[in-house]
Amino acid sequence: MSHTVYWPGQIFFYPIGNTSAICLTEELPPEHKADVLLLGCGDPRHILYTVYTDVSTSNEPRRLDITCCDVDAAVLARNTLLFTLLIDDDAGDRLPSIWNIFYHMMLDESSLSLLIEQCRKLVPLAESLDLWRQGPYAHVVTMCNSDTLSEVGRFWKLWLGSSNFNAMEAKRFKENFKDGMKKVRKRIEDDIITPSTRSAGPLAPVTLLAVSEQFKRFWTTGVTDDGSPSINPANKPNPTFAFSLLGDKFAVYHGTDPISGFHLAEALASSCADIFDNTGSVIPKIVLVARQQFSTWCKAVIHRVKKLSVSSASFMVRMYAGEALAFCQALHSVNTSVVHTPLLIAPWRRSVVQLDDTLYSPSAPSPAPTSFNVIETSNLLDHLGLQNLFTVTIPLLFGSPSSTLYTEALLPAGDSLAQGILEHVCGDLSSISLLLGVVPSSYISCFTTRSNTAETIMQGIADSPTSQYHERLAWKHINFGHPSNSLHEAELSFPVPQLARKLFDIYLRMFSDEDLGKRMAILSSNQSRMLQRLQSSGHNHYSRRSFALLLAHIRTRVHCNWNTVINDLEMLIMQDCTLVNGANFYQEMVCHLHLAGFCLPWFSLAEIQRLHSEEDPPIFRLWSRVPEVVTVVLVVPRHVIAKVQSDLSEIGTPFLQCEIQVDFKLNIFASISASFGKLEVSGKGENKVAVVVEDRTGIDGMSPLIISFPVLSTTLIYTSGGTVGLAVRSTFGTVALSRKLGLPLSLFKVLLTDERYAHVLTRAPTTNDNTISSENPLVPLKLDAKCQGHPIHVEMDRSNAQIQSLTAHVNIVDPTGQSSLASGCAVTVEQLSMDKVKLHVDRYEHVISFPLPVDVANAKLRVARKSKYVEVVAPMTLRLNVKGESDITGHFRTAFDRGVPTLWSIHRVNLDRCPPFKLPRSRKAFDWLGPHVGFMFSQRECLSRQPRTFPGQHDTFMDLKDTLRSVFVTATGLEGPTQTEFALWDSEQKRRYATILVTDIRLDIGSHTVVADSWIIPGSNGTPDNLQEARILFIKTDAHESEAWRHLLPLFIERCRTWKHKPSCEYLVHNSVPLYPGAGSDPKKVPWCSCGMGMGTEVLRRRYGSTSAKYATRAAISPLFPVSYMEKVGMNIDDPAEPTLTRCVACGKGGVPLSACSRCKRAKYCSKDCQVKDWKTHKKFCVLT
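Residues numbered from 1 in each chain as written. Predicted model: local features only at pLDDT ≥ 70, side-chain atom pairs only at ≥ 80, totals over all residues. Heavy atoms only, no water.

Looking at an unreviewed UniProt entry, one finds the chain named MYND-type domain-containing protein, with Pisolithus microcarpus 441 as its source organism.

Structure below.
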């Protein structure tokens, strides 16, 4: 397996999600169907919320086909149970009991009876796929293979069986269950539990104490309390929480909280709650809103399911139980006509993935999706590694501009929580994005419409070096907006030495845990930093197989002499002294490079046969033919494991590895497969085969441990007199274990020729005769990438750290262009967008698409008039260090996807599903909106707002955010009388170019922010009737901001669209969004299309009259936040770069004692008078830390 194998000593059960629900279709145009892949799916909150909030432009809802993958079948058993309960008749009347079944650990008699009754229906249907297909639920929920149905059915049987316990069994079951709850409760009884506060978004501080207290109550009583009187006592263990991968051991994750999957801000946005409010008044509100949201979302599913016919496939949920990486590879192999894939289902399993032929074969009548326009990976990167995820998911991402791959991180990585993603990518973000073919949308836009306010605020409150930090990123195809047939085409080339060096740099970063210098740096850091870095250093996700898979993926995109690249890379690896174990992993590295299809000049079948003949190694003496790669199988006796089992489990999840040693030469193998069971061996020589009789009791059983791994046959020829063994990988967490096992941390070791415990096979053992050939490549082989259209040549900078320039080679094939070129006509280039350039040769024009933003103003041209080509050498402009810009229009990207506008970095919203709110007028109420919109400004921008900080620098983004802030604080009455009518006024041209009428301020709860439900009227239509000119607040903008609004307003309109674009849509006619780019504030050139004008304007007709409604188009205006991994968010007075560190913020006086603001502890003043005077300015940015 590509991920390292860890001892399953501490595995948790995650029955409930730990982040709030998101809309899975928020990046898709409403006309497009949604083929969704959920990896590490967890509970179905995302599905429920998506069905509720999804937008359609017709009477029929969007087609939703959702494939759910989770390694724990107990999660899928719970999810399937929920959907079947919603499909049954009278589901709406039973929603309170359904909530109890799904979210309560202790049940009342009525809820438990409903659960058992449903299990009685489901168990018979799980006997076979045919029975399930004939049942009443298969038109909504289906299984991807029979193994999944069998595993899911096993848990239904366990739940049902708990109802048949005798008195003694029932008592023991309840005591074990409550003991498990008690252990968790004891662990957290003195702590403030903060993770669920992120579900309140900008109102996180208000919920801090209430969420913590509610969490403790839940783990005490096993139920949620919304303040309603309880009629039936909940005193029976919920069996759906009792069984998991660990059997009947209580393994529920200690952070499990029923309310964490919901949007708690809805309960408090309009309330008068303060952060010091009695938790007793807040807890019922947040629990009640969670229950109400669950009920509302379920009713949306019920409504949709009732409209489905058995033959309809407009809403389908597919279940797969197994590891995400293997499942993705299996889906990819379906596209290459290999259905029964030689991939193990999951770690510690020996069964191979076998997908259902009726869904996943070329002849399937209604095939299941094998490529997806939405891939949601939860926070699997914390557990599997980002590069492991990328190499298996990117090939499954459908080739359209709107297709999106989501990643989430919760665990800390590196020195900065906010910049942890930069550690995960294992290299410079621009280079990695170019090599992989996907890029975070926020990296190019330099803003996001999703808020991390809660993370920023709560990080300051928690002040823990090991705190979680939730970062969600949307990755899109790097060729966004290019012709669709080029989205997956490789057009890249590198100088071979530069590419080899770049790949070597990635290699060093992927295996940085082997860097002794970094280990010593961790130990020498201060205690707070050390704890954080020690925690992240224990996350060893990558094996050399991971690296080989990554290179195989890059090979599909980059055109070069790969034989030379691999030779250079191999030399760099052999000469490296940075990684202390680099040489020990060399044999595993070259083995997996060979399996990935890369050629090594010294390794060939002929050379193997020569060595076999000359060396005559005992291990291959009975073999007539030795293949390039064989499988070593090691059987570790149970009594060996029993001696250290408690020590291994106490550490938690130490990593295991195999070692082959002869004399002082040690070869380590981390890409291993492990399982418990009995190994049945038959045959001799190359005909020897083995089958594993799996023991599903695992570490709790009595069977030996069976380990297998691939190895080059040459490795065994040279070491056939050596030993093979199993060891624990040395980390900071294994120090205590070394006292028992010694520094090598060896668990078991035997001679390679000892056939009692060691076997060498041509094929890896599985649970049946469908054994895995060791010689099968890791991925379907592809030839070197061939260039389509104009190739892009990449040049790195001198340090080989970042991309310096991109060179586009354009062959002039048009006769007119060739003639103009030959006659000496001038050759010029014009920048069309961040990544598009127009080449001019007299009247000949050609548009060049670059994969990343470039600077055409500083581009160089190479003109070959006789050879009839032009090369454009353009500096690459994408950098992490954000600076102020005058022209920011390129950051607002759009593209057409099958004739429909697609947005790059602004997510779509269903305004009618966003709850409106009104700010309370009470002085005691917590001012959450002010800090929230204040978080639009990064630390750099906050400093720029201070006079004389950066003289002469113009920052249009900051001007734009100032305007947005004015709209929100004025429309809510935050700083004075409420004003809801605005006019954007070009102060230079003295004209109005748009009128904004705000009818509601709503919560965009899925993205933890706010949105202004607005109507935009073109400036050319004058002042709306029934609206006095004096009532309008005129907001002045300069020419640069006016042009920015020209690009931004069409996106705010498009993101909330519920109507269809007409065939005569101006966007399609002009092939441009916005219309008339460069026209600035010209009121006669309206930048948005007329398709939505007058649509759904009843509220305007009542308030302002029919003329306003006729020309108005609905828009969802939201704050634009800085990107946390690119800029520090919010003002930080204590930052060393801050010039006011030792001076009064208000008057600038230094050399005197300063007092800090009691709220934020950041701003400092020399006197109370200065603090009072500065409050009007400071309160915009004052936040609790």
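A. Local environment of the environment of Lys 924. Position of Lys 924 among the secondary structure elements: in the loop between strand E34 (900–903) and helix H31 (929–934). Note: C-alpha distance between Lys 924 and Ala 273 (651 residues apart in sequence) is 7.6 Å. (Helix = DSSP H or I, 4+ residues; strand = E, 2+ residues; numbered from the N terminus.)

B. Up close: helix H20 (residues 496–510). Across its 15 residues, H20 extends 21 Å between first and last C-alpha, which sits within 8% of the 21 Å expected from 1.5 Å per residue. Extensive coverage of H20 is indicated by the burial of eleven of its 15 residues. Considered for burial, the residues of H20 that qualify are Val 496, Gln 498, Leu 499, Ala 500, Lys 502, Leu 503, Phe 504, Ile 506, Tyr 507, Leu 508 and Met 510. (Expected span 1.5 Å × (residues − 1). Buried < 20%, exposed > 50% of the residue type's maximum accessible area, 1.4 Å probe, protein only.)

C. The sheet that holds strand E14 (residues 492–493), seen in detail. One open sheet accounts for five strands, arranged E14-E26-E27-E32-E31; its pairing is mixed. If you trace the sheet from one side to the other, it starts and ends with E14 and strand E31 (860–864), each paired once. (Pairing = 2+ DSSP bridges.)

D. Broad picture of the packing of aromatic side chains. For the structure on display, the rule yields 37 aromatic pairs. Taken together, a centroid distance of 5.9 Å and an interplanar angle of 25° make the contact between Trp 132 and Trp 156 stacked. With Trp 132 in helix H5 (residues 129–134) and Trp 156 in helix H6 (residues 146–161), this residue pair connects regions lying 24 residues apart in the sequence. Trp 156 matches Trp 132 in its accessibility class, with the two residues each being buried. Ring plane angle 55° and centroid distance 6.4 Å describe the contact between Phe 215 and Trp 219, whose orientation is recorded as tilted. Of this pair, Phe 215 and Trp 219 both sit in helix H8 (residues 204–221), separated by four residues, roughly a single helical turn. Take Phe 215 and Trp 219: they sit in the same class, and that class is buried. A network of ring pairs unites the aromatic residues Tyr 49, Trp 99, Phe 102, Tyr 103, Phe 262, Phe 294 and Trp 297 as a single cluster. Over the aromatic face of Trp 904 sits the side chain of Arg 893, whose NZ or CZ is 4.4 Å from the ring centroid. In this structure, Arg 1057 packs its charged tip against the face of Trp 1059, placed 5.8 Å from the ring centre. (Phe/Tyr/Trp six-rings, centres within 6.5 Å; stacked < 30°, edge-to-face > 60°. Lys NZ or Arg CZ within 6 Å of the ring centre and 35° of its normal.)

E. Representation of the side chain of Asp 65. Considering the arrangement of structural elements, one finds Asp 65 in strand E3 (residues 64–70). Taking relative accessible area as the criterion, Asp 65 reaches 0% and is therefore assigned buried. Among the polar contacts listed, one links the side chain of Asp 65 to the side chain of Arg 63, at a separation of 3.4 Å. Engagement of the side chain of Asp 65 in a polar contact is seen with the side chain of Arg 318, the distance being 2.8 Å. Among all residues touching Asp 65, those that are not within four sequence positions of it are Ala 34, Asp 35, Val 36, Met 316, Arg 318 and Pro 369. (Polar contact = N/O pair within 3.5 Å; in protein donor to acceptor, adjacent residues only side chain to side chain. Contact = heavy atoms within 4.5 Å.)

F. View of the packing of H20 against helix H23 (residues 544–555). Running from amino to carboxyl end, H20 crosses H23 at an angle of 150°, the nearest separation of the two axes being 11 Å. One way to sum up the angle between H20 and H23 is to call them roughly antiparallel. For the crossing formed where H20 meets H23, the hand is right-handed. Contacts between H20 and H23 involve Leu 503, Ile 506, Tyr 507 and Met 510 from the former and Arg 544, Ser 546, Phe 547, Leu 550, Leu 551 and Ile 554 from the latter. Counted by class, the contact of H20 with H23 contains eight nonpolar, one polar and one charged residues. (Axes fitted to C-alpha atoms, helices over the stretch in contact; angles between N-to-C directions. Parallel < 35°, antiparallel > 145°, perpendicular 65-115°, else oblique. Left-handed = near helix turned anticlockwise from the far one by under 90°. Nonpolar A, V, L, I, M, F, W, Y, C, P; charged D, E, K, R; others polar.)

G. Examining the side chain of Lys 476 more closely. Relative to the helices and strands, Lys 476 is located in strand E13 (residues 471–477). At 2.8 Å, the side chain of Lys 476 forms a polar contact with the backbone oxygen of Leu 903. Apart from residues lying up to four places away in sequence, Lys 476 is in contact with Glu 27, Pro 401, Ser 403, Thr 404, Gly 437, Val 438, Val 439, Leu 903 and Trp 904.

H. Up close: the confidence of the model for the chain. Averaged over the chain, the pLDDT score is 89; the fraction of residues at 70 or greater is 90%. Between residues 484–488, whose pLDDT stays under 50, and residues either more than four places distant or in other chains, the model counts 14 contacts. Here residues 773–788 is a poorly scored stretch, pLDDT under 50, and it has 48 contacts once near neighbours within four places are set aside; other chains count. (pLDDT = per-residue confidence, 0-100.)

I. Representation of the pairing of strand E39 (residues 1113–1117). Of all five residues making up E39, five are buried, and the element is well covered by its neighbours. A two-sided burial pattern is seen for E39, the buried positions comprising Thr 1113, Ala 1115 and Ile 1117 on one face and Arg 1114 and Ala 1116 on the other. Of the strand pairs in this sheet, strand E37 (residues 1009–1018) and E39 are connected by five bridges, and their pairing is antiparallel. Paired with Asp 1013 across the strands is Ala 1116, a residue of E39.

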